[in-house]
Amino acid sequence: MTDLAEARDVDPGKYLQGLGQRRMAIASPCEDTVTMAADAATRALQGFDIDPAEIGTLIVGTETGVDHSKPVAVYVHELLGLDQRCRTFETKHACYGAMAGLTASMDWIGSGRARGRKALVIASDIARYGLKTAGEPTQGAGAVAMVIAEDPRLLAIDPQRIGDYTRQVMDFWRPLYSKYAFADGHYSIQCYLDALAGARVDAVGEEAELLAGLGACLYHVPFVKMAFKAHQRHLEMEYGGPLSKDHTEAWRMLTDSYQRLAAPWLGLNAEIGNIYTGSLFLALIDLLRQAAEGLAGREISLFSYGSGCGATYCIGRIGDRAAHWREALDPAEQLAARRRLSIEEYEGLIGDTEQADTVERLDPARYGLDGGLYYVGTRDHRRQYSRG
Ligand code: CAA
């Protein structure tokens, strides 16, 4: 963030403290929504000892599709070797796609249609705002894979306390002709906060006083400071009015509550940037890798927001043995293996990515990549993937 701020002639404090970001993940042209989704899902199935044959529904939530028609999910289905008797589709609603997939999977299980099988829900996205835009420091790339089961090991969401919210707004969108998002940034923050209030009321009613009993509050995190703004609105709903810096006591109550319930789980978001539909679940991973033991059996809140806009607020309970899976879900090793890019390299990657969909042959080695699953070009209008 400091390198980027200096290159853009901005005080680094704006990105580091003002937005709360430290680094951002950049995908090379050989990494796309498919490769990231398949990679995350492979780690989830192997790390949690889940037989791919148990998966009866596969949903990929993304707003970074690779085709107007063909879903990312069907590539992932083949790459994971899932059973053909599997319902497979892609969900798109900006950063809300994966939460939509998660609640649809819960409904699938609750209806009895799953017949003992599990659902695999993957959030996979690349945030692109373009060079020298206000959104540039909030870019990121990544995927989170989740297995939804009747008896969850990590988190059980309460179907009686899920609230939804929808309103047509132009706060952030990606037109068909653009790889880059357009955002009315400050308006999008207002839309997010309104959606939080609306979805929370739908989930638990106007009068609920939850925060004193919750072990954590997780939010969609387009940038870390947004989680503070969200927590402020969350607390204001229970406090009964606006909290401002002018009222020292009330402000201290807010900052204490934020430090206890939200801030500790924002480390991955600060290190990776906005991964759109996976951002909320990145915060969940951060919570589980640090505090699954201490929060075992405790309730937490989760808020997912997708521009445009749609949102869900829900309450879940951390599993009693969730800490057992800490190593399987901690991405520390992958993060440590990242390579620092110079601004010239970063801008070069962005330029190459603009052409990547129409290039016939892409060489992962050119980007220092080896040993993984990569997108290697489009031949005869068909995307090609290869394991290096
Ligand atoms: N030191 C410390 N802080 C500084 C600073 C400095 N030198 N300079 C500025 N700041 C602070 C500002 O005071 C501000 O903090 P507050 O919000 O607490 O007042 C913060 O840094 C950001 O400054 P600006 O508001 O001036 O920044 P900006 O207008 O250039 O851009 C943005 C901010 C609008 C969020 C922009 O990054 C953007 O458009 N992002 C994409 C849209 C987005 O993320 N929206 C979020 C809600 S929508 C959503 O959640 C869906 C999604 O994923 C996109």
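Residues numbered from 1 in each chain as written. Predicted model: local features only at pLDDT ≥ 70, side-chain atom pairs only at ≥ 80, totals over all residues. Heavy atoms only, no water.

J.: I'm lost on the domain arrangement of the protein chain in this one. Help?
T.: Accessible area lost during the coming together of the parts is what is often quoted as the interface size. Domain annotation for the protein chain reports domain 1 (2–152 + 333–387) and domain 2 (155–324). Relative placement of domain 1 and domain 2: their C-alpha centres are 21 Å apart. Between domain 1 and domain 2 the total buried area reaches about 3600 Å² when both faces are included, carbon and sulfur atoms providing 60% of it. Our enumeration of links across domain 1 and domain 2 arrives at 5 salt bridges. For Glu63, the salt bridge identified is with Arg174, shortest N-O distance 3.9 Å. Counting every contact that joins domain 1 to domain 2 gives 24 residue pairs in polar contact (both at pLDDT 80 or more). Elements with a contribution of two residues or more to the side of domain 1 that touches domain 2: helix H2 (12–18), helix H5 (97–110), strand S3 (118–127), strand S4 (140–148) and helix H13 (343–355). (Domains from an automatic or database assignment. Buried area = accessible area lost by both parts, 1.4 Å probe. Salt bridge = Lys/Arg side-chain N within 4 Å of Asp/Glu carboxyl O. Polar contact = N/O pair within 3.5 Å; in protein donor to acceptor, adjacent residues only side chain to side chain. Helix = DSSP H or I, 4+ residues; strand = E, 2+ residues; numbered from the N terminus.)

J.: Help me understand H5 in this model?
T.: With 14 residues, H5 should reach 20 Å at 1.5 Å per residue; the first-to-last C-alpha distance of 20 Å fits that figure. Counting buried positions along H5 yields 10 of 14 residues, so the element is predominantly enclosed. For H5, the full list of buried residues reads Gly97, Ala98, Met99, Gly101, Leu102, Thr103, Ser105, Met106, Trp108 and Ile109. One or two positions beyond H5, positive phi appears at Gly112, with a value near 90°. (Expected span 1.5 Å × (residues − 1). Buried < 20%, exposed > 50% of the residue type's maximum accessible area, 1.4 Å probe, protein only.)

J.: Just checking my understanding: could you explain the sheet that holds strand S9 (residues 299–306) for this structure?
T.: Sheet strands line up and pair through hydrogen bonds in the backbone, either parallel or antiparallel. One open sheet holds the 4 strands; their spatial order is S5-S10-S9-S8, and the pairing between them is mixed. Taken across any chain shown, the strands that pair with only one partner, and hence form the sheet edges, are strand S5 (155–166) and strand S8 (216–219). Shown here is a sheet whose adjacent strand axes are inclined to one another by a mean of 15°, direction ignored. The pairing of S8 with S9 spans 4 bridges and is classified as parallel. Bridged to Cys217 within S9 is Ser301. Against the sheet, H5 makes contact with S5, S9 and strand S10 (310–318), and its axis sits at roughly 125° relative to S5, the strand it touches most. Lying on the sheet, helix H10 (residues 279–291) is in contact with S5, S8, S9 and S10; it crosses S8 at an angle near 150°. (Pairing = 2+ DSSP bridges. Axes fitted to C-alpha atoms, helices over the stretch in contact; angles between N-to-C directions. Contact = heavy atoms within 4.5 Å.)

J.: Looking at this structure, how should I read the side chain of Thr91?
T.: Note on placement: Thr91 falls in strand S2 (residues 87–91). The class for Thr91 is buried, based on a relative accessible area of 13%. In terms of polar contacts, Thr91 uses its side chain to reach the backbone carbonyl oxygen of Gly97, at 2.8 Å. Dropping the residues within four chain positions of it, Thr91 is found in contact with Ile59, Val60, Gly61, Thr62, Gly97, Ala98 and Gly101.

J.: Is there a simple way to think about H13 in this case?
T.: Residues lying three or four places apart along an α-helix face the same way, a consequence of the helix completing one turn every 3.6 residues. Its 13 residues give H13 an end-to-end C-alpha distance of 19 Å, which sits within 8% of 18 Å, the value for a rise of 1.5 Å per residue. Every buried residue of H13 is listed here: Ile343, Tyr346, Leu349, Ile350 and Thr353. Each buried residue of H13 sits inside an arc of 125° when the element is viewed along its axis, so together they form one side. Looking at the buried residues of H13, the elements they touch are helix H1 (2–7). (Arc of directions from axis to C-beta.)

J.: Please explain the sheet that holds S3 as it appears in this structure.
T.: The 4 strands are arranged S2-S1-S3-S4 in an open sheet whose pairing can be described as mixed. One side of each edge strand has no neighbouring strand; the edge strands of this open sheet are S2 and S4. Here the strands of the sheet are splayed against their neighbours by 15° on average, with no regard to which way each runs. Summarising the sheet, S3 and S4 pair through 9 bridges and their orientation is antiparallel.

J.: What is the right way to look at the pattern of salt bridges in this model?
T.: Two side chains bearing opposite charge may form a pair once their charged atoms approach each other closely. Inspection of the entire model under this criterion finds 25 salt bridges. Ionic contacts of the salt-bridge type, sharing partners, join the residues Arg22, Arg23, Glu271 and Arg338 into one network.

J.: Quick question: what am I supposed to make of the site of the ligand here?
T.: Neighbouring residues of the ligand: 25 residues in total, closest Lys14, His186, Ser188, Lys225 and Lys229. Contact distances for the ligand include 3.0 Å between an oxygen atom and a backbone N or O atom of Ala134. In the environment of the ligand, an oxygen atom lies 2.5 Å from a nitrogen or oxygen atom belonging to the side chain of Lys229. In isolation the ligand exposes 1100 Å². Once the protein is present, 73% of that is buried. Where the shell around the ligand is concerned, the elements lending two or more residues are H2, helix H6 (185–204) and helix H7 (224–239). If one sorts the elements of the shell around the ligand by residue count, H6 sits on top with 5 residues. Broken down by class, the residue content of the shell around the ligand amounts to 11 nonpolar, 10 polar and 4 charged. (Near = heavy atom within 4 Å. Areas by Shrake-Rupley, 256 points an atom, 1.4 Å probe, with all protein chains shown as cover. Nonpolar A, V, L, I, M, F, W, Y, C, P; charged D, E, K, R; others polar.)

J.: Any chance you could explain the pairing of S2 here in plain terms?
T.: The side chains of a regular strand alternate between the sheet's two faces. In this structure, strand S1 (residues 55–61) lies alongside S2, joined through 5 bridges in parallel fashion. Across the sheet, the residue bridging to Gly61 is Thr91, located in S2.

J.: Help me out: how do you make sense of the environment of Gly278 in this one?
T.: Turning to its location among the elements, Gly278 is positioned in the loop between helix H9 (267–272) and H10. Between the alpha carbons of Gly278 and Met99 there is a distance of 8.8 Å; along the sequence they are 179 residues apart. Filtering out sequence-adjacent residues up to four positions away, Gly278 remains in contact with Ala123 and Val144.

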